[in-house]
Amino acid sequence: MKLTFIGTGATFPDEGDVRRCSCTMIETYGRYYFVDMGTSVIEDLKKRNIDMHDVQGIFITHPHFDHCEGLLPYISRISFRSMSLKNDDVDTVILLPRRELIDVIQGWVGATSSSTRDDIRYQIVHQGLTFDDGLVRVRAYPNQHCDDSYSFLIECEGKKLLFTGDLNRADIDFPEIAFEEDLDLIVVESTHFSPALTEVQLDKCNVKTVIYNHISTHRDAELYSVMEKPHRYNSIRSYDGMEYIP
């Protein structure tokens, strides 16, 4: 299993910050899954010689543009390709936190003269086990960042990876499951609050590695101060294009 952090930037980047919006790709057994798609990934897939047919799942944590804006170009490309290629079946499941997003996507596809795809399966995220294809299991836990906002616990190859998604504040709605299970990795997003708030919660977890993601550069000084302290876990600050093997 390998994680590639395609986009790691904050919603509104600081001056000079050219990172892209939130998007993480998980590779396992020749299949690919995305946690959020806040930026277009078409060129990234081409550069890595990844066929769209091998993308099995896209999991959206919440309906803010910086976490789902890349869905439109992705689905438009698949739909447009189906107009000229026969037997171009895909088997992608897209987990969406809000049903209205399906109407928006289908409306966009129709308005851009692309054909709709019956083989793209949309599912609405629900609390608990919300996805299981035999390779990857996803459990969803609501948080308070916005309406229809979730943290995801992803199980794959015997590893447990927690993606907090955006939170309201770490001291208010850090996912309780993080304190209850042994975790291999927590990808924690803390663009909206101090890394010190996150540190207090992480010190309660039994986790091997923490990756700080989707964090503003103006918080870097405080973040590095937190990371320099001794902890039971390893700390990493993500960057665009970073690869990590749990």
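Below you will find a few notes about this structure. (Residues numbered from 1 in each chain as written. Predicted model: local features only at pLDDT ≥ 70, side-chain atom pairs only at ≥ 80, totals over all residues. Heavy atoms only, no water.)

1. Considerations on the overall build of the protein
In step 1: Each helix and strand counted, the protein has 8 helices and 14 strands in total.
In step 2: Its C-alpha atoms give the protein a radius of gyration of 18 Å, near enough to 18 Å, the size a compact globule of 246 residues would have.
In step 3: Considered along the principal axes of its C-alpha atoms, the protein spans approximately 55 × 40 × 35 Å.
In step 4: Here the protein holds 246 residues, and the buried ones make up 56% of them.
In step 5: Nonlocal contacts in the protein, meaning residues at least 24 apart in sequence, comprise 63% of its contacts between residues at least 6 apart.
In step 6: Accessible surface for the protein amounts to roughly 10,900 Å². Of this, 49% is attributable to carbon and sulfur atoms.
In step 7: Averaging the positions of the 25 positive and the 40 negative side-chain charges in the protein gives two centres separated by 3 Å. (Helix = DSSP H or I, 4+ residues; strand = E, 2+ residues; numbered from the N terminus. Rg over C-alpha atoms; globule rule 2.2 N^0.38 Å. Buried < 20%, exposed > 50% of the residue type's maximum accessible area, 1.4 Å probe, protein only. Contact = heavy atoms within 4.5 Å. Areas by Shrake-Rupley, 256 points an atom, 1.4 Å probe, with all protein chains shown as cover. Lys, Arg positive; Asp, Glu negative; His and termini not counted. Charge placed at Lys NZ, Arg CZ, Asp CG, Glu CD.)

2. Considerations on the pairing of strand β7 (residues 128-132)
In step 1: In the sheet, β7 pairs with strand β8 (residues 136-142) via 4 bridges, with the strands oriented antiparallel. Paired with Asp 132 across the two strands is Arg 137, which belongs to β8.
In step 2: The turn joining β7 and β8, which pair antiparallel and follow one another in sequence, is formed by 3 residues; a positive phi near 95 degrees is taken by Gly 134. (Pairing = 2+ DSSP bridges.)

3. A word on the sheet that holds strand β10 (residues 159-163)
The strands making up a sheet associate through backbone hydrogen bonding, with each pair oriented either parallel or antiparallel.
In step 1: Taken together, the 7 strands give an open sheet; going across it, the order is β7-β8-β9-β10-β11-β12-β13, and neighbouring strands pair in mixed fashion. This sheet does not close on itself; its edge strands, each paired only once, are β7 and β13 (234-237). If you compare each strand with its neighbour and ignore which way they point, the axes differ by 20 degrees on average.
In step 2: In terms of strand pairing, strand β12 (residues 207-213) meets β13 through 4 bridges, oriented parallel. Directly across from Thr 209, in β13, lies its bridge partner Asn 234.
In step 3: Docked against the sheet, helix α8 (residues 220-228) engages β12 and β13, running at close to 160 degrees with respect to β13. (Axes fitted to C-alpha atoms, helices over the stretch in contact; angles between N-to-C directions.)

4. Side note on the side chain of Thr 209
In step 1: Within the fold, Thr 209 resides in strand β12.
In step 2: A polar side-chain atom of Thr 209 sits 3.2 Å from a polar atom in the side chain of Tyr 244.
In step 3: For Thr 209, the contacting residues outside a window of four places in its chain are Asp 184, Leu 185, Ile 186, Tyr 233, Asn 234, Ile 236 and Tyr 244. (Polar contact = N/O pair within 3.5 Å; in protein donor to acceptor, adjacent residues only side chain to side chain.)

5. A short note on the sheet that holds strand β1 (residues 2-7)
In step 1: On the basis of which strands lie adjacent, the open sheet formed by 7 strands has the order β6-β5-β4-β3-β2-β1-β14 and mixed pairing. Looking at strand neighbours, the two that pair on one side only are β6 (120-124) and β14 (242-244), the edges of this open sheet. Within this sheet the neighbouring strands show an average axis-to-axis angle of 20 degrees, counted without direction.
In step 2: The sheet strands contacting helix α4 (residues 100-111) are β5 (92-96) and β6, and the helix crosses β6 at an angle near 155 degrees.

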